[in-house]
Structure formats: structure tokens, C-alpha cells
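# Structural description and commentary
One letter stands for each residue in the lines below.
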Amino acid sequence: MSKVRSKTAIRPLIACFLFWLDLQLILILVYNDGMLGEKSIFRDARKQIFLVGILVLGVYFYLRRPVQLSTDVAVAGNYAYLTVQRVGLRVLDITDPANPEVAGTFETFGDANAVALSGDYAFLADGGNGMRILDIADAANPRQVARYETDGRASDVVVSGRFAYIADGRSGLIIVNVEDPANPLKVGDFKDTRF
């Protein structure tokens, strides 16, 4: 079984290093007479405790934030296509459902919110980066064939026939002709005046 190591696995190490660096800075500010002189505001014990408390809380909340949020899944054949916010698309081989394995990945720089499948293509709602169209004929190596920029934040996508319907936040609904996946063309939109 192949396992893929996440880039976020080193977050605790980075946080520990930043905490250590913050402590070194405090020591320099508090105990180095040559840099700040005798009238340093950091000589007050209450201010020192407050500063250390703020730094500890900062590291705590950094470590508590979610690493990855899976937001949508679509299944075709022996593969599940999983969107993971701030990461992208994960293609999982589900031939053995008790032991799914990562078969391929596609990294994005947006918020991978939703995925829709149509034939050999995956349509990815990628937040502020609009909609990405991926060729998934080779599931182990999905590749982008086009990207459709939207004015809002693409939060969902549904494909029906030759059209992709994009829920685009405050921009409402955008309808795109994807008959030629390499050249998506907007054919219409709907924006409620209350958006």
C-alpha cells in the first residue's frame, strides 16, 4: 500500500522552531542591555509574562487550525476524486474499499471546493481561481487542460450535457459551454439582486 506524505506533516516542527525563535527574541529584548538600554519596556515582569502568553497562544492556535478539509467527492469506476481545500484534487484507487490508496494528485493554489466528472474530464470549483478543467484519462496523472476565470469564488460545479454550472459566490450562477473542454465559453449567468 502506498502512502503519500503530506506537505503539512512538518507543521508541528515549523511551529516549534518559530516558538523557539520567539523565545530567543524575548531573551534578547529582555536581557540584552546593549540593545535596548536600561529603560526598556520589556524590563517590567508583567509585560514579559503578557508577551510570553501571547506568543504561546499564537503557537497554540497555529497548531489547532485544520490542516486539510475534504469538501467533495465524485466516483467513477475504481477511482474516487476527492477535493481537499488549500491542497487540490486527490485521486484515490478504491479497487479495495477497505484500503484506498492515493493514485494521483493535482495541486491547486485555490480552495478546491467541489468536483464534477464528465467522461475523461474533472471539473474543479477552485475558489478564487474559478473552474479548472482536468484531463483524467490517466487517473494517476491528472493534468489541467483549461481554466475558466470567474469574478467571484467558485464554490460548486455541476456538469450536465455540454454545460457546466458554477456557483460563484456573490457572482451567482455562471453557465459555461464545455463541449470543447480546452476552450470553455460563458453562455449565460444569473445574479440575484440580493447577492
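Here is a short report on the structure shown in this document. What you see is a predicted model; the values in this text were computed from it and never measured.

## Points about the nonpolar core
In terms of nonpolar packing, the biggest core is built from 16 residues, with Phe123, Met131, Val157, Ile166, Val176 and Val178 touching the most fellow members. Only strand E5 (114–118), strand E6 (121–125), strand E7 (131–135), strand E8 (143–148), strand E9 (156–160), strand E10 (163–167) and strand E11 (173–177) provide two or more residues apiece to this core. Here valine 157 is in contact with Ala114, Val115, Ala116, Phe123, Leu124, Ala125, Met131, Ala164, Tyr165 and Ile166, once residues within four sequence places are set aside. In this structure, Tyr81, Phe106, Ala112 and Ala139 belong to the second largest nonpolar core, which totals twelve residues.

## With respect to the environment of isoleucine 94
Here isoleucine 94 lies in the loop between strand E3 (88–93) and strand E4 (101–107). The exposure class of isoleucine 94 is partly exposed, given its relative accessible area of 25%. For the pair isoleucine 94 and alanine 80, spaced 14 residues apart in sequence, the C-alpha to C-alpha distance is 6.6 Å. Sequence-distant contacts of isoleucine 94, that is, excluding residues within four places in its chain, are made with Val75, Gly77, Asn78, Tyr79, Ala80 and Pro100.

## Comments concerning the pairing of strand E2 (residues 79–84)
As paired elements, strand E1 (residues 70–76) and E2 share six bridges and run antiparallel to each other. When the bridges of E2 are listed, aspartate 72 appears paired with threonine 83. Connecting E1 to the next strand, E2, in antiparallel fashion are two residues, including glycine 77 with a positive phi near 65 degrees. Bridge count between E2 and E3: six bridges; the pairing is antiparallel. In the strand pairing of E3, tyrosine 79 is matched with aspartate 93. Linkage of E2 to E3, two consecutive antiparallel strands, is achieved through a turn of three residues, within which arginine 86 is found at a positive phi near 60 degrees.

## What to know about the side chain of aspartate 126
Looking at where aspartate 126 falls in the secondary structure, it is placed in the loop between E6 and E7. What makes aspartate 126 buried here is its relative accessible area of 0%. In terms of polar contacts, aspartate 126 uses its side chain to reach the backbone amide nitrogen of alanine 112, at 3.4 Å. Contact partners of aspartate 126, with chain neighbours within four places excluded, come to Thr108, Phe109, Gly110, Asp111, Ala112, Arg132 and Ala154.

## Describing a nonpolar patch on the surface
A contiguous nonpolar patch, built from Phe17, Trp20 and Leu21 and spanning about 330 Å² of accessible area, is present on the exposed surface. Checked against the element boundaries, leucine 21 lands in helix H1 (residues 11–31).

## As for the pattern of salt bridges
Tallying each qualifying case throughout the model produces seven salt bridges. Residue glutamate 107 pairs with arginine 90 through a salt bridge whose shortest N-O separation is 3.1 Å. In this pair, glutamate 107 sits in strand E4 while arginine 90 sits in strand E3, placing the two residues 17 residues apart along the sequence. You can call arginine 90 buried: its relative accessible area is 17%.

## Observations concerning the sheet that holds E1
Spatially, four strands are ordered E1-E2-E3-E4 in an open sheet, and the strand pairing comes out antiparallel. Looking along the sheet, the strands with just one partner apiece sit at the ends: E1 and E4. Going from strand to strand, the sheet's axes swing by 20 degrees on average, the running direction of each strand aside. In this structure, E3 lies alongside E4, joined through six bridges in antiparallel fashion. Its bridge partner lying in E4, arginine 90 is registered against threonine 105.

The rules we used
Residues numbered from 1 in each chain as written. Predicted model: local features only at pLDDT ≥ 70, side-chain atom pairs only at ≥ 80, totals over all residues. Heavy atoms only, no water. Core = buried A, V, L, I, M, F, W, Y, C linked by side-chain atoms within 4.5 Å. Buried < 20%, exposed > 50% of the residue type's maximum accessible area, 1.4 Å probe, protein only. Helix = DSSP H or I, 4+ residues; strand = E, 2+ residues; numbered from the N terminus. Contact = heavy atoms within 4.5 Å. Pairing = 2+ DSSP bridges. Polar contact = N/O pair within 3.5 Å; in protein donor to acceptor, adjacent residues only side chain to side chain. Patch = residues over 30% accessible without salt bridge, like charges linked within 9 Å, V, L, I, M, F, W, Y side chains within 5 Å. Areas by Shrake-Rupley, 256 points an atom, 1.4 Å probe, with all protein chains shown as cover. Salt bridge = Lys/Arg side-chain N within 4 Å of Asp/Glu carboxyl O. Axes fitted to C-alpha atoms, helices over the stretch in contact; angles between N-to-C directions.

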